[in-house]
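Single-letter residue listing:
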Amino acid sequence: MFTGIITGIGRITNVQPLGETATHGKRLTITCPPGYLDDVGLGDSIALNGACMTVTSFDAAQNQFTIDISAESLNKTAGLDQLGTVNLEKALRAHDRLGGHIVSGHVDGIGHVTYFAEIGESWQLRVMAPPALAKYLAYKGSITVNGVSLTVNQIQDSAEGCEMSINLIPHTVQNTALGTLKVGSRVNLEIDLIARYCERMLSSHNTV
């Protein structure tokens, strides 16, 4: 489990195919901030842009670790098959503060940025979510965008999906990889866990 509070900005520095066909996954090498791996061990979970991954090897002295990502995970996520910056979060420990919201590290869908600009002292980010996720998005509700726990300020439904507007304070832009986004960027979305269970309970009740 995670909280959506980013603990470091990493960079995918190498993408190595694990086979010759599209059914094979890839091995990613990620460079992280100095000291980030001091409390990390083999098999630990680290979320990359909101997707929970397992550390398969690491070199603390070089500030690098590797993960293996399956073809299925590559098909269901964005930005994990190419070089570039990624948001990092280590798995939640039982005694940690829950600063964001409960995040599972399972990507529910891929959205795309429709607007991103500085407005006053903050930034406005608008993301178009797929139609299947629209029912889980609500005013002042929680959403995870590339692993970052954020609050939805406005929603607008359309045939294309649900466009949500999010306010980013300067600290968030400076301390996550969200600052590299631009119009058209694809982003990983995870809906609020509570909304997921509420929808399931209501749909099960209607079928009894």
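Shown above is the structure to which this text applies.
Everything in this summary refers to the structure shown in the same document. Going along each chain's sequence as written, the residues are numbered from 1 onward. For a predicted model such as this one, the threshold for reporting local features is a pLDDT of at least 70, and the threshold for listing and counting side-chain atom pairs is 80 or more; totals across whole chains, interfaces and linings nevertheless cover every residue. Water and hydrogen atoms were dropped before computing side-chain values, which therefore reflect all heavy atoms in the structure.

1. Notes on the layout of surface pockets
Here's step 1: Cavity and pocket criteria rest on a 1 Å grid covering protein atoms alone: a 1.4 Å probe that fits but cannot get out defines a cavity, protein on both sides within 12 Å along at least 5 of 7 lines defines an open pocket, and an atom within 4 Å of a point defines a lining residue. Grid points are joined across faces, edges and corners, and a volume is the space filled by probe spheres set on the points. Taken as a whole, the largest pocket spans an internal volume of roughly 380 Å³.
Here's step 2: No other element matches strand β6 (residues 84-90), which puts three residues into the lining of the largest pocket.
Here's step 3: Along the lines of polarity and charge, the residues of the lining of the largest pocket split into six nonpolar, eight polar and three charged. Numbering of helices and strands runs from the N terminus, with a helix taken as a DSSP run of H or I at least four residues long and a strand as a DSSP run of E at least two residues long. The nonpolar class holds Ala, Val, Leu, Ile, Met, Phe, Trp, Tyr, Cys and Pro. Asp, Glu, Lys and Arg form the charged class, and all remaining residues, Gly among them, are polar.

2. So, the side chain of S185
Here's step 1: Here S185 shows up in the loop between α2 (170-175) and β12 (186-191).
Here's step 2: Per-residue accessibility, obtained with a 1.4 Å probe over protein chains only, is compared with the maximum for each type, and a residue is labelled buried under 20%, exposed over 50%, and partly exposed between these values. Of the residues examined, S185 reaches a relative accessible area of 15% and is grouped as buried.
Here's step 3: The contact criterion used is simple: two residues touch if any of their non-hydrogen atoms lie within 4.5 Å. Residues in contact with S185, not counting those within four places in the same chain, are G111, H112 and V113.

3. Considerations on the state of the cysteines
Here's step 1: The disulfide criterion used throughout: a pair of cysteine sulfur atoms within 2.5 Å. Evaluation of the coordinates by the stated rule reveals zero disulfides.
Here's step 2: Among the cysteines around C32, which has no disulfide bond, C52 carries the closest sulfur, lying 16 Å off.
Here's step 3: For C32, a relative accessible area of 6% translates into the label buried.
Here's step 4: Of all cysteine sulfurs in the structure, the one in C198 sits closest to C162, which takes part in no disulfide; the separation is 17 Å.

4. So, the nonpolar core
Here's step 1: By nonpolar core we mean a set of buried residues, namely Ala, Val, Leu, Ile, Met, Phe, Trp, Tyr and Cys, connected to one another through side-chain atoms within 4.5 Å. Formed by 25 residues in total, the largest nonpolar core has its most connected members in I143, V145, L150, M164, L168 and L189.
Here's step 2: Looking at this core, the elements with two or more residues in it are β7 (109-119), β8 (122-129), β9 (142-145), β10 (148-157), β11 (162-168) and β12.
Here's step 3: It is β11 that provides the largest number of residues to this core, a total of four residues.
Here's step 4: Residues in contact with L189, not counting those within four places in the same chain, are V107, D108, G109, I110, G111, V127, A129, P130, L133, T144, V145 and M164.
Here's step 5: Among the nonpolar cores identified, the runner-up in size contains 20 residues, and C32, L48, L74 and L88 belong to it.

5. Looking at empty space enclosed by the protein
Here's step 1: With the rule as written, the count across this model stands at one cavity of 30 Å³ or more.
Here's step 2: Considering only enclosed or pocket space, the largest cavity measures out at about 30 Å³ in volume.
Here's step 3: What lines the largest cavity is F2, G4, A47, G50, E89, V103, G105, T144 and G147.
Here's step 4: Here the lining of the largest cavity is built from residues that sort into three nonpolar, five polar and one charged.

6. Quick look at the pairing of β6
Here's step 1: Counting buried positions over the seven residues of β6 gives five, a clear majority of the element.
Here's step 2: In this scheme, strands are said to pair when DSSP sees at least two bridges between them. Pairing of strand β1 (residues 8-17) with β6 involves five bridges; the strand directions are antiparallel. The partner of R11 across the bridge, within β6, is T85.

7. Things to note about the sheet that holds β6
Here's step 1: An order of β1-β2-β5-β4-β3-β6 is seen for the six strands of this closed barrel, with the pairing classed as antiparallel. The average angle at which neighbouring strand axes cross in this sheet is 45°, direction not considered. Every axis in this analysis is a line fitted to C-alpha atoms, fitted for helices over the stretch in contact. Angles between the N-to-C directions lie between 0 and 180 degrees.

No statement about biological role is implied by the geometric values presented.
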